[in-house]
Amino acid sequence: MKSTGRLWLLAVCLLCRLVCTQAQEQEKKQLPREVPSPEKAARKMTDRMKEELQLTDKQYDKLYKLNLKEQQEHFATMTERGSGQRPSMGGRPGMGGGRPPMDGGMGPGMGGGRPPMGAPGERPVMEKDNVEKMQKAAAKKEKKIKKILTAEQYAKWQEMCQLQEPPQPQDHPHKPNL
């Protein structure tokens, strides 16, 4: 009788140990990743270009400065978007923190909910402006890169860019066009 109780106690202890070990392994896997920075992103892009295009030191320096400027602008726009977009879900009690109400947080007839959807394939005006800005910035960057690289390097760089960015369909493939 005593040996059966001891066996059960041993089995429970081993089971607890197993659960604790697995929980620790999962916690290790979920450690925060390294925070990206414009300098690291620019360095990585320029290093890749140096490797693929056999850049000189002078070309490398010029391209690093160009990539750094672009990445700093990109990070600045990302932080602007992130700071004013969503309210925090936490906070001190009584200070508006926590989960928002299910009805959008406003009384009847006060709005809330989703904005109206446009026609399929139609983009909001703000997004069109952003697309135009991005296209202008890309064209400007391409001009500068063309001045820095030789003709052979520039041709190879364009091939690299085409391989990197597959063409994106206008509509979602899983949604039927209406």
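Just so we're clear, the structure is a prediction, and the values are computed from it rather than from any experiment. (Residues numbered from 1 in each chain as written. Predicted model: local features only at pLDDT ≥ 70, side-chain atom pairs only at ≥ 80, totals over all residues. Heavy atoms only, no water.)

Caption draft 1: Quick look at the nonpolar core. Membership of the largest hydrophobic core is limited to eleven residues, which are Met49, Leu53, Leu55, Leu63, Leu66, Ile145, Ile148, Leu149, Tyr154, Trp157 and Met160. Breaking this core down by element, the ones donating at least two residues are helix H2 (38-53), helix H3 (57-85), helix H4 (125-148) and helix H5 (151-164). Among the elements that line this core, the one with the most residues is H5, at three residues. When residues no more than four places from it in sequence are discounted, the contact partners of leucine 66 are Lys141, Lys144 and Ile145. (Core = buried A, V, L, I, M, F, W, Y, C linked by side-chain atoms within 4.5 Å. Buried < 20%, exposed > 50% of the residue type's maximum accessible area, 1.4 Å probe, protein only. Helix = DSSP H or I, 4+ residues; strand = E, 2+ residues; numbered from the N terminus. Contact = heavy atoms within 4.5 Å.)

Caption draft 2: Structural context of the pattern of salt bridges. Summed over the entire model, instances satisfying the criterion amount to two salt bridges. Glutamate 70 serves as the salt-bridge partner of lysine 141, at 2.6 Å between the closest nitrogen and oxygen. Residue lysine 141 is located in helix H4, and its partner glutamate 70 is located in helix H3; the two are separated by 71 residues in the primary sequence. Look at lysine 141 and you get buried, because its relative accessible area is 14%. Looking at glutamate 70, the relative accessible area reads 33%, which means it is partly exposed. (Salt bridge = Lys/Arg side-chain N within 4 Å of Asp/Glu carboxyl O.)

Caption draft 3: Focus on unusual backbone geometry. You will see that glutamine 54, though not glycine, has its phi angle at about 50°, which is positive. Along the chain, glutamine 54 falls in the loop between H2 and H3.

Caption draft 4: Focus on H2. A rise of 1.5 Å per residue sets the reference length of H2, with its 16 residues, at 22 Å; its end C-alpha atoms lie 22 Å apart and thus fit the reference within 8%. For H2, the complete set of buried residues consists of Pro38, Ala42, Thr46, Met49 and Leu53. For H2, the angular spread of buried residues about the axis comes to 55°, placing them on one side. Across H2 from its buried face, at more than 90 degrees, point the exposed residues Lys44 and Glu51. Residue glutamine 54 follows H2 closely and has a positive phi angle near 50°. (Expected span 1.5 Å × (residues − 1). Arc of directions from axis to C-beta.)

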